[in-house]
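Chain by chain, the residues run as shown.
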Amino acid sequence: MATTVSAWGAPAGKAPLEKMQIERRELGEHDIYIDVKYAGICHSDIHTVRDEWGPANYPLVPGHEIAGVVSAVGNGVTLHQVGDLVGVGCFVDSCRECAACREGDQQYCEKGMVGTYNATHYSGEVAQGGYAQGHVVDENYALKIPASLPLDKAAPLLCAGITVYSPLKHWNAGPGKRVAVVGMGGLGHMAVKIAAAMGADVTVLSQSLSKLEDGLRFGAKEFYATSDPETFTTLAGSFDMIINTVAANIDINATLSLVKRNGSLVLVGAPENPDTYSAFSLIGGRKSLAGSMIGGIEETQEMLDFCAEHNITPEIEVISAESINEAYDRVVASDVRYRFVIDAATI
Ligand code: NAP
Ligand code: ZN
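My aim in this report is to walk through the structure given alongside it, one point at a time. (Residues numbered from 1 in each chain as written. Chains lettered and ligands numbered in written order. Predicted model: local features only at pLDDT ≥ 70, side-chain atom pairs only at ≥ 80, totals over all residues. Heavy atoms only, no water.)

This paragraph deals with the site of ligand 1. Around ligand 1, the surrounding shell holds 28 residues, and the nearest of these are His43, Met184, Ser206, Lys211 and Arg339. Measuring from an oxygen atom of ligand 1, one finds a side-chain N or O atom of His43 at 2.7 Å. For ligand 1, a nitrogen atom lies 2.9 Å from a polar atom in the backbone of Ser292. Of all the secondary structure elements, the ones that give two or more residues to the shell around ligand 1 are α1 (43–49) and α5 (186–197). A total of three residues in the shell around ligand 1 trace back to one element, the largest contributor, which is α1. (Near = heavy atom within 4 Å. Polar contact = N/O pair within 3.5 Å; in protein donor to acceptor, adjacent residues only side chain to side chain. Helix = DSSP H or I, 4+ residues; strand = E, 2+ residues; numbered from the N terminus.)

Next up, the structure:
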């Protein structure tokens, strides 16, 4: 039997989120039922329900940073047991057959991965996200949360953590590499912590110096304000890799001027309107402009284990469901230190 659960979602585009009831499917052979304990608020949730990435489908329950406890399993489940601590990130299925899926890059599935919300399962079922008291997911798309990570702090790793871990690893952040992180919000502060743990020499490029002490505490060696034009002369040609996590448009050409010869500017921030750049900003130094989207299932597990091993957790503020709309406004105003996490008991 399908289960009805309490959730918080948007009834229509740009409308405030409100309490609603949604259905979770009956457990299939390979499904697990998760009692959701915490759900992080990602800026992508806000872009989606405010139709900034195009019209979404409503009613819509966001949430793709989900942490909880397994409370029931289907007959064929072998990967998880009742009582296990598990997480769900940005997708809940993929074709499992294409080259991307076979290589562990399920997020780039050629058939199209099934997003955790604002998406439709291959079966036709509407996928609703994690701002809910319960969730049903295929066992292959749930991650194991290491026991040393508190569940509330584990939640944001499922999107913010993996979205920066994957490109930092792909572009070889590590000893001897200078890495800059643009924007120190949910993703950005995790990028600082993870890149520092990988051994890279990390610099933060923030709008102002207001988060300087935090940045240094998270492991950055240097911290500069992008509002100060001096920053762009002091740091010209300095970085092997720059990861841009800003949710709004940035000056791509000015940022590329800080990249070393042969270095890369990697975009993970996904603003509503396209950024523009000049080819001259790239060809002068054989520079690369690249993008990256979350990470695959195996890599997400690797990231969780890495964070447990290096004792890395996000800085969070746990909120009740009633505060979601206020929290959204604070995220947009860059007034978040550094991730809001909803206590699912209040949903
Ligand atoms: P967030 O917590 O709001 O952080 C974004 C940071 O960008 C802010 O803290 C701020 O940092 C900076 N910023 C905000 N507005 C700015 C502006 N107008 N000009 C310059 N800087 C500004 O957001 P998030 O959850 O980390 O997400 C960041 C972006 O990544 C979003 O667009 C989100 O949709 C996207 N995202 C992409 C993926 C992917 O797979 N590629 C996954 C998740 C999220 P400072 O105050 O330090 O400047
Ligand atoms: Zn996200």
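Moving on from the model shown.
It is worth spelling out the coordination of the zinc ion (ligand 2) at this point. The protein atoms that coordinate the zinc ion (ligand 2) are Cys42 (SG), His64 (NE2) and Cys159 (SG), at distances of 2.0 to 2.2 Å. Overall, the relative accessible area of 7% leaves His64 in the buried class. Its relative accessible area of 5% is what places Cys159 among the buried residues. (Donors = N, O, S within 2.8 Å, 3.2 Å for Na, K, Ca; no water. Buried < 20%, exposed > 50% of the residue type's maximum accessible area, 1.4 Å probe, protein only.)

With that settled, consider the side chain of Asn244. By the element assignment, Asn244 lies in strand β15 (residues 239–244). Of note is the side chain of Asn244, whose polar atom sits 3.1 Å from the backbone nitrogen of Val246. Once residues lying within four places of it in the same chain are set aside, the contact partners of Asn244 are Val182, Ile250, Leu265, Val266, Leu267, Val268 and Gly269. (Contact = heavy atoms within 4.5 Å.)

Before going further, it helps to examine unusual backbone geometry. A cis amide bond links Tyr58 with the next residue in sequence, Pro59, at an omega value of -5°. Relative to the helices and strands, Pro59 resides in the loop between α1 and β4 (66–73). Arg337 connects to Tyr338 through a cis peptide bond whose omega is -10°. Looking at where Tyr338 falls in the secondary structure, it is placed in the loop between α11 (324–332) and β19 (339–343). The phi torsion at Asn172 lies on the positive side, around 60°, for a residue other than glycine.

We now examine α11. If you check which residues of α11 are buried, you get Ile324, Ala327, Tyr328 and Val331. The arc that holds every buried residue of α11, seen down its axis, measures 105°, which confines them to one face. In this structure, the buried side of α11 is in contact with β1 (3–9), α1, β18 (316–319) and β19. (Arc of directions from axis to C-beta.)

Here the focus is helix α4 (residues 160–170). With nine of 11 residues buried, α4 is to be regarded as a mostly interior element. Buried within α4 are the following residues: Ala160, Gly161, Ile162, Thr163, Val164, Tyr165, Ser166, Pro167 and Leu168. For α4, the elements touching its buried residues are β12 (178–182), α5, β15, β16 (259–267), α10 (297–309) and β19. Where α4 terminates, the next one or two residues include Asn172, which has phi positive at roughly 60°.

If you trace the six strands from one edge of the open sheet to the other, you get β14-β13-β12-β15-β16-β17, paired in parallel fashion. A single partner strand is all that each edge strand has here, and the edge strands are β14 (222–225) and β17 (288–291). Shown here is a sheet whose adjacent strand axes are inclined to one another by a mean of 20°, direction ignored. Here β12 runs beside β15; their pairing, made up of four bridges, is parallel. Looking at the pairing, Val182 lines up with Asn244 of β15. (Pairing = 2+ DSSP bridges. Axes fitted to C-alpha atoms, helices over the stretch in contact; angles between N-to-C directions.)

Viewed as axis vectors pointing N to C, α4 and α10 meet at an angle of 100°, and their least axial separation amounts to 10 Å. With respect to their mutual orientation, α4 and α10 come out roughly perpendicular. On α10, the residues touching Gly161, Ile162, Tyr165, Ser166 and Lys169 of α4 are Glu299, Thr300, Glu302, Met303 and Phe306. (Parallel < 35°, antiparallel > 145°, perpendicular 65-115°, else oblique.)

Mapped onto the elements of the fold, Gln107 is located in the loop between α2 (99–102) and β7 (114–115). Take Gln107: its relative accessible area is 3%, and that puts it in the buried class. Side-chain polar atoms of Gln107 contact the backbone nitrogen of Gly296, separated by 3.2 Å. When residues no more than four places from it in sequence are discounted, the contact partners of Gln107 are Phe91, Met113, Met293, Ile294, Gly295 and Gly296.

At a minimum axis separation of 8 Å, α4 and α5 run at an interaxial angle of 50°. Judged on the interaxial angle alone, α5 and α4 are oblique. Crossing angle aside, the handedness with which α4 passes α5 is right-handed. The residues of α5 that touch α4, namely those facing Ala160, Gly161, Thr163, Val164, Tyr165 and Leu168, are Gly186, Leu187, Met190, Ala191, Ile194 and Ala195. In the contact of α4 with α5, the residues fall into nine nonpolar, three polar and no charged. (Left-handed = near helix turned anticlockwise from the far one by under 90°. Nonpolar A, V, L, I, M, F, W, Y, C, P; charged D, E, K, R; others polar.)

Below, the discussion takes up the packing of aromatic side chains. Under the defined criterion, the tally for this structure stands at three aromatic pairs. On the numbers, 6.1 Å between centres and 75° between planes, the contact of Phe91 with Tyr141 is edge-to-face. You can see Phe91 sitting in strand β6 (residues 91–93) and its partner Tyr141 sitting in the loop between β10 (134–138) and β11 (143–144), a full 50 residues away along the chain. According to the relative accessible area criterion, Tyr141 is buried, its value standing at 4%. Plain terms: the ring middles of Phe218 and Tyr338 are 5.3 Å apart, the flat faces sit at 85° to each other, and that makes the pair edge-to-face. Taken together, the positions of Phe218 in helix α6 (residues 212–218) and Tyr338 in the loop between α11 and β19 put the pair 120 residues apart, joining distant regions of the chain. (Phe/Tyr/Trp six-rings, centres within 6.5 Å; stacked < 30°, edge-to-face > 60°.)

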